[in-house]
Each structure stands twice: as C-alpha cells, then as structure tokens.
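Below, each chain spelled out in residue letters.
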Amino acid sequence: MKKEDTKPTLEARRGFLAKLAGAATCAGAAVGAAGLGVVPAVSAKNEAPPEGASFPAKDYDWTKHQWGFGVDATKCIGCLRCVEACKTENDVPRNAHQFRTWVERYVHLEGEHEVRVDSQQDPVNINASGSEKEFRFANRYKDAKVDKAFFVPKLCNHCTHPACVQVCPTGATYRTEDGVVLIDHDYCIGCRYCVQACPYGARYFDEVRGVSDKCTWCYHRITKGLRPACVEVCPVGARIFGDQKDKQSPISLFIRNNRVQVLRPESGNAPNVFYVGIDKEVN
Amino acid sequence: MESIIHFSPYTGWVYPNETVFEWSVLIAVYPYLTGLVAGAFTVSSLYQVFGFKRLKPVAHMALLTSLSFMIFVPTPLLLHLGHPERAFNSTITPHLTSAMAMFGFFASFYVALLILEGWFAYRPFIVDQAQKRIGLPGKFYGLLTLGSHDVSEHAMHYDRKWIFALAVIGIPAAHGLHGYVGFMYGSLKAREWWSSDLMPVIFLFSAIISGVSLLAVLYVVSCKLRKIPVDLACLKGLAYTIWAFIMVALVLEGLEFANIVYKGREGVDMIMQYVTGPLLIPYFILQFAVGAITPLLWLSYMIWRGTTGRALVVGVTVCACLVLFSVFMMRWNVVIGGQEISKTGKGLLSYHMTFWGKEGALMAILLTMAPLGLLYVLTRLFPPWADDASHGHS
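Residues numbered from 1 in each chain as written. Chains lettered and ligands numbered in written order. Predicted model: local features only at pLDDT ≥ 70, side-chain atom pairs only at ≥ 80, totals over all residues.

**Q** In this structure, what is going on with the overall build of chain A? I would like to understand it.
**A** Secondary structure summary: chain A contains 10 helices and 10 strands in total. Long-range contacts, defined here as pairs at least 24 residues apart, represent 66% of the contacts in chain A between residues at least 6 apart. (Helix = DSSP H or I, 4+ residues; strand = E, 2+ residues; numbered from the N terminus. Contact = placed C-beta atoms within 7 Å.)

Following this line, the structure appears as structure tokens:
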C-alpha cells in the first residue's frame, strides 16, 4: 500500500485535532463516559507519528495483534463527529454518497408498523446541515410521537470470511494477519465486484482514483498505537476498539462484559464489528 | 468532485454508499454479448457434432458470429474499469477464489478454441485462396495456411476429426462459459435478486435462445443481401431450436421467481413492491410477454399450421428479433434490477442511464453493434456461405 495513500498530511492531522478539540468541548457526555471507564484513560491522541515512519510502523508485528471493533448503540447520540473525523482523516470524498463510516437512525412512531430509517446522507438531513461536507441529523420527528428511537454507527465489518476479498479478481483487497481487510490501491483494477459483494454496503468506488475504498479501521493509526479516528472523536464512547489478543483491551472487555451480536450472521461473513443495543430491524 | 458523481434517486432506506450506481448498462451488455457467443456456437455444434444437416447453411456463419462477438466481450468490461490499464492483473496474478478472475481463463481458452476450430473449418478455403490470390491478399492467406497446403482426402479426414473434437469440447466450453457468467451474479449473497442457484442455468438457456435467434436474423438478412432464396428447412431448424430452448428458459425463469416469492425471505416485500412497480413493464411486459411468450405462441402457431414461404421467413425473423430483445431485457433486469433493490431490503433505487459518455446508452448500442461490423469483415475474408463452391469443410 502506498505510503501517501494512508498517511494523513500534517494539515489534515491538524484539522482533525481541531475537530477533536471541538468535539471534546461540546460533548459534555464524554466526560461522564470517560468517568465511567468507557473511554480508556490512556490516549495517544496528541502524539504525532514519527517523521518518515514506514507503513505499517517499523516495529509493528501484525502476528501479535487481532483487532476488533465494538459499537454500543445505546450510547450513540448521533452527533456524527465520527463521520466527519473519518472523512478528514482518510480523505474520503466530501459528498453525501461516499462514506467509510455512517450512522443510521431508527425511529418507531406511535401507531406505525414500519420503522423509519435514515442516515446522514438523507436529503432532509443534508438540508439541515446546509452542506454535503458537514453532517447532522435534522430534527424531523420533533412534532411526532416517538415510541422508540436509537442510532446505529456502521462501518466495514472486517469480516473473517469477507465476501469482498473472495470476489476480488486480483487480490488487491485482502485480509491482514491482524484481522483488518485492506485494499491495495495500486493494484485494484476498479471493477467494483467487491462493492457489489459486500452485504453491508460498506464499500464505495472512488471515481477520482478509479479504485474501491472503505474503512481500514485507520490502519495507519492503529499500527502506530493510535486508535481509529472515529473512536478517538466519539464523545460518548459508543465506538470501542482494541486488540482481541489483549484480554484487558477495551474490545476484549466489551465482548466479555456484554451480550454482543454481529450484523447478518447468516451471510457467513463472520463480521468483527460487535454490536450491543441494536434492534431486530438493524442489518 | 460532485460533478462526476451520479447518484441515484431512491425511496425508503438504502445504505449511503448505495446511492451511487456502480454497475452501468455496460455490465448488462457484457453478459448479452457472451450469451450470443454461446448461443451461436450451439448452432454450429448442432451441425458439426449432432449432424443437424438442415443447419448447414448457417454452420460456418455460426462460428464466425461466435468469434466476432467473443472478441468484443471484454470491451464493456474494459470501459467500465477504473483502471483498464491494470486489467491483466487479474490474469497475471489471478485471485483463485474470484469468479471474475477465473472467467478470464475460461474466456481465453474458448477464444483459442474458436480460432482453432475456425482455422480447421476454413483450411481448404485458405489454401485455395493462398494459391489463387496474388499480392497482399495472397500473402495474407498464405500466412494463414501456417505452411500446411495439404488438402488431400487423407488430410481432410484428419481435419474433420479435429473439427469434431473441437466442437465437442466447445459445447461444454461455450455453455460453461456462459453458465459461469450467471454464476458471477448468482454467487453473490449480498443481493436477494441475484443470489440464486438457478441463475447460471437461466443465463445459459437465455444465451442459447439469443444466439440462435441472432443467427436466424443474420441468415435471413444475409440471404436478402446476397439476393438468394432463404433455405426454409434451415430456417425451420432454427425456429424449432428457438422454440425448444425458449420453453426451458421460460420455465426456469418462472421457477426462480416462484422460488423467491415462495421462500419469502427477508426483503421479499421490497422485491414484490419492485416487480409490481418499477419492474412491471421491463420484466413482465417486455421480457416475458412481448419478448418470450409472444414468439413462443407465434412459433407454435407456425409449427402447428405448417407455415411456409414468406410468412415463415417474416414470422421467424420477427420472433427472433423479439427474443433478442427479451434476452437483453433479461440481462438488464438482472444487472440493473438487482442494483435497484437496495441491499437493506427496505428501499428502492432508480438507475438513470445517460446517453453520452463511456458508460452511456450510445456506447452500449455501439458495443452491441460493433461485432456485426467485424462479422461483415470476416464474411468478406472467409465466406461462410454453404452454396459457395469455394467453401471450406462441409
């Protein structure tokens, strides 16, 4: 994988840190969540990566890790900091149609049978944010009687048996030893078979670069001991990340202390994003 | 950035990344062309292997048609790729679990087989031309003889054995190739509309009817252009073949649809909403009613009444055109239809085809017609007409 594809520029990093500071200030909930021990106290967020570091970092041994991701949907407040942080961190096209991560909103209204689902890309929500570069959920149900509502953050599931990897004709997309599904942008031919094969809609096609793209769990960060950008900025600790080989890591504790579930288990993909607090409609 | 993203309008709930339609009309053209290859080859095999003598007037044209279309099969894919210059990555370093990577090998093998069979079939003609013609054409045919000028009865007998063997191998190769195209869609579990075990077989039978229909049309047109009478026995043979395979194709498609509805798995509500809404006309009306049931009934009527003469020629030609249209609609309904039903099972998208551009309607039409241009050139270089004295192996 090309170094410049994955290593964020200094400017992007500064922008990201600025957003981070903003998010930390505005979200009082974060304090509470950190106090409860949901957000790990140790954070490397202010540590800049060493100059000219190789990718992955020189001293990184992928056989020593098995990364995992958790989503606690009961905590998500739909602030969409994660979506914006991801776009900034990973140079995701600034539009409302291509995302490495997104947040879904599920709303049951009184007297209605069907759940209403939307995400930040919904035109109503884009109108509310006023731009395709920033995201927010419109308060579209303020006059309705809501029975039940919740948010569900979504991202690539980094499956153990990924359908996208199976169908890739060149092997440009592959699963690493440490359990992350990546794309070699220098080898991808841009056929989009992987986009079709993913049952979760996690992949998009980058028209400018002519290749498929998706969440990497910020591989350029996690291999340097940092957390994925979305995890870093989440003010409520709804996103949990860690090494499953470390029994005391946030993800190990999350899986051990909760009844977790995965999306579409019947697909046989064996996802590695574990959910708590999602409802029957979520897939 | 925004200017190059053509997002699709949608209703209900669709994943954010789904709002960009990834597989355009060109990906519907690709299986269409492959199907015509397989179908045309079927006609050639019926004559070469199974001795359907009445198909002799189209046997060689079937080979040329198959080759012309096969050469253009990769073009829609190449135009679609984000990095066409890297296309050979899938052949040089294929990913062995990928249906698409393996397709490249099957297709290459089949092209080689087609060229080899064509060479044997035309060898007497090539040798004859190499000896008769002078200048550049003489050199061209001389080169194609590959140094073998022996057209003795012994050599011809040897050639016929090769043609037979290649045709026998070609039948599973051609049909495997096209069944495989169906597998490329049917094996994807992300979409309920595609994920079907019947998909390869459905693709195969629709391929056969499309290829045979194409030959029927090409044969009638070629007779008109050459101002010779249409061999009615041959045309009837093609009509019987279309009739037989259209029956199977229809039954299979019906069974598949019944399966989806009867199983009623998650997302079936959206499928029902789709087929009774946006897909009603392309699927039930155009693909089934107009393109399949109408020709089936018309052909049945002609067979029953023993229609002959001009009425038969017109009838079969129109039916063949309808079948060609129906099979294209089938490809469209699979490729585009599959993407119009969201993976969420809770929403529908709508594809808007552009006219211009490398993945627009004009390009789709050009790519579908281009093999006919190549076929025209090939028929000038290698006349496939059975009534021609200088014809190759009979």
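Back to the write-up after that little detour.
**Q** Looking at this structure, how should I read the interface of chain B and chain A?
**A** Quite often, the size of an interface is put as the accessible area lost when its parts meet. Tallying the contact residues gives 35 residues for chain B and 40 residues for chain A. Looking at which element gives the most residues to the side of chain B that touches chain A, the answer is helix H5 (residues 99–132) of chain B, with 3 residues. In terms of residue class, the side of chain B that touches chain A is built from 17 nonpolar, 11 polar and 7 charged. (Nonpolar A, V, L, I, M, F, W, Y, C, P; charged D, E, K, R; others polar.)

**Q** What is the right way to read the nonpolar core from this model?
**A** Note that soluble globular proteins tend to have their nonpolar side chains buried in a common cluster. Counting residues in hydrophobic clusters, the biggest one holds 180 residues, and the most contacted among them are Val37(B), Ile209(B), Leu215(B) and Ile242(B). Beyond its immediate sequence surroundings of up to four residues, Ile242(B) is in contact with Ile209(B), Val212(B), Ser213(B), Leu299(B), Cys319(B), Ala320(B) and Val323(B). (Core = buried A, V, L, I, M, F, W, Y, C linked by C-beta atoms within 7 Å. Buried ≥ 20, exposed ≤ 12 C-beta atoms within 10 Å, placed from the backbone.)

**Q** Help me understand the sheet that holds strand S9 (residues 239–243) of chain A, please; the structure alone is not making it clear to me.
**A** Backbone-to-backbone hydrogen bonds pair the strands of a sheet. The strands run either parallel or antiparallel. Residues and elements named next belong to chain A. With respect to topology, 3 strands assemble into an open sheet ordered S9-S1-S10, the strand pairing being mixed. Two strands in the sheet have a free side with no partner beyond their single neighbour: S9 and strand S10 (273–276). Within the sheet, the average angular offset between the axes of one strand and its neighbour, ignoring direction, is 20°. Judged from the 4 bridges that link them, strand S1 (residues 67–72) and S10 form a sheet pairing that is parallel. Residue pairing across strands places aspartate 72 opposite valine 276, the latter belonging to S10. The strands touched by helix H10 (residues 250–257) are S1, S9 and S10; relative to S9, the strand with the most contacts, the crossing angle is about 115°. (Pairing = 2+ DSSP bridges. Axes fitted to C-alpha atoms, helices over the stretch in contact; angles between N-to-C directions.)

**Q** What's the story with the confidence of the model for chain A in this structure? I'm lost.
**A** Reading predicted coordinates in detail is not appropriate for stretches of low pLDDT. Residues and elements named next belong to chain A. Per-residue pLDDT for chain A has a mean of 86; in total, 80% of the residues score no lower than 70. A low-confidence stretch, residues 1–14 (pLDDT under 50), is modelled with 18 contacts involving residues beyond four sequence positions or located in other chains. Below pLDDT 50 for its whole length, residues 20–53 participates in 32 contacts with residues either more than four positions away or in separate chains. (pLDDT = per-residue confidence, 0-100.)

**Q** Sorry if this is basic, but what is going on with the packing of helix H2 (residues 56–72) of chain B against helix H13 (residues 361–381) of chain B here?
**A** Pairs of packed helices are described in terms of their axes, by the angle between the two and the distance that separates them. Residues and elements named next belong to chain B. Relative orientation of the contacting elements H2 and H13 amounts to 135°, with a least axis distance of 8 Å. When the axis of H2 is compared with that of H13, the two are oblique. The hand of the H2/H13 crossing is right-handed. Residue-level contacts link Leu64, Thr65, Ser68, Phe69, Ile71 and Phe72 of H2 to Leu367, Ala370, Pro371, Leu374, Leu375, Leu378 and Thr379 of H13. Residue composition of the contact of H2 with H13, by class: 10 nonpolar, 3 polar and no charged. (Parallel < 35°, antiparallel > 145°, perpendicular 65-115°, else oblique. Left-handed = near helix turned anticlockwise from the far one by under 90°.)

**Q** Explanation requested: the packing of helix H1 (residues 26–48) of chain B against helix H12 (residues 309–340) of chain B in the structure shown.
**A** Residues and elements named next belong to chain B. Between H1 and H12, the shortest axis-to-axis distance is 8 Å and the interhelical angle comes to 140°. Comparing the axis directions of H1 and H12 gives the class oblique. The two elements H1 and H12 cross, and the hand of that crossing is right-handed. Touching Ile27, Ala28, Pro31, Tyr32 and Gly35 of H1 are Val327, Phe328, Arg331, Trp332, Val335 and Ile336, all from H12. Considering only residue class, the contact of H1 with H12 consists of 9 nonpolar, 1 polar and 1 charged.

**Q** How should unusual backbone geometry be read in this particular structure?
**A** Glycine aside, negative phi is the norm for most residues, and most peptide bonds take the trans geometry. All names here are of chain A. A positive phi angle, near 45°, is found at histidine 158, a position not held by glycine. Secondary-structure assignment places histidine 158 in the loop between strand S4 (146–155) and helix H6 (163–167). If you check the backbone angles, arginine 264 has positive phi at about 45° while not being a glycine. Position of arginine 264 relative to the elements: it lies in the loop between H10 and S10.

**Q** Quick question: what am I supposed to make of the sheet that holds strand S3 (residues 116–119) of chain A here?
**A** All names here are of chain A. Across the sheet, 3 strands lie side by side as S3-S2-S4; this open sheet has antiparallel pairing. Lying at the two open borders of the sheet, with one neighbouring strand each, are S3 and S4. Within this sheet the neighbouring strands show an average axis-to-axis angle of 20°, counted without direction. Taken together, the 4 bridges between strand S2 (residues 101–109) and S3 define a ladder with antiparallel strand orientation. Across the sheet, residue tyrosine 106 finds its bridge partner in S3, namely valine 117.

**Q** Explain the environment of Gln120(A) here, please?
**A** All names here are of chain A. Mapping glutamine 120 onto the fold places it in the loop between S3 and helix H5 (123–129). As for glutamine 120 and cysteine 156, which are separated by 36 residues in sequence, their C-alpha atoms are 17 Å apart. Ignoring anything within four residues of it in the chain, the contact list for glutamine 120 reads Leu80, Val83, Trp102, Val103, Asn125, Phe135 and Phe137.

**Q** Sorry, what's going on with helix H8 (residues 199–226) of chain B here?
**A** An α-helix turns once every 3.6 residues. As a result, residues three or four positions apart point the same way. Taking 1.5 Å per residue as the helical rise, H8(B) with its 28 residues ought to reach 40 Å, and the 40 Å between its terminal C-alpha atoms agrees with that figure. Just beyond H8(B), the residue with positive phi is Lys227(B), at close to 55°. (Expected span 1.5 Å × (residues − 1).)

**Q** Can you help me understand H2(B) in this one?
**A** For H2(B), spanning 17 residues, the distance from its first C-alpha to its last is 26 Å, which sits close to the expected 24 Å at 1.5 Å a residue. In terms of residue burial, H2(B) counts as a mostly covered element, since 15 of its 17 residues are buried.

**Q** How should I be thinking about the environment of Ser68(B) in this particular structure?
**A** Residues and elements named next belong to chain B. Tracing the backbone through its elements, the reader meets serine 68 in helix H2. In this structure serine 68 comes out as buried when scored by C-beta crowding, with 24 C-beta atoms within 10 Å. The residues touching serine 68, leaving out its near neighbours within four places in the chain, are Pro371, Leu374, Leu375 and Leu378.

**Q** Whenever I open this one, the confidence of the model for chain B confuses me. Can you help?
**A** Averaged over all residues, the pLDDT of chain B is 93; the fraction at 70 or higher stands at 97%. Across the whole predicted complex the pTM is 0.88, and at the interface the ipTM reaches 0.93.

**Q** Would you mind going over the environment of Tyr283(B) with me for this structure?
**A** Residues and elements named next belong to chain B. Structurally, tyrosine 283 can be placed in helix H11 (residues 280–305). Looking at tyrosine 283, the number of C-beta atoms within 10 Å reads 21, which means it is buried. Placed 49 residues apart in sequence, tyrosine 283 and tryptophan 332 show a C-alpha to C-alpha distance of 9.3 Å. If we ignore the near neighbours within four places in the chain, the residues touching tyrosine 283 are Val275, Phe288 and Asn333.

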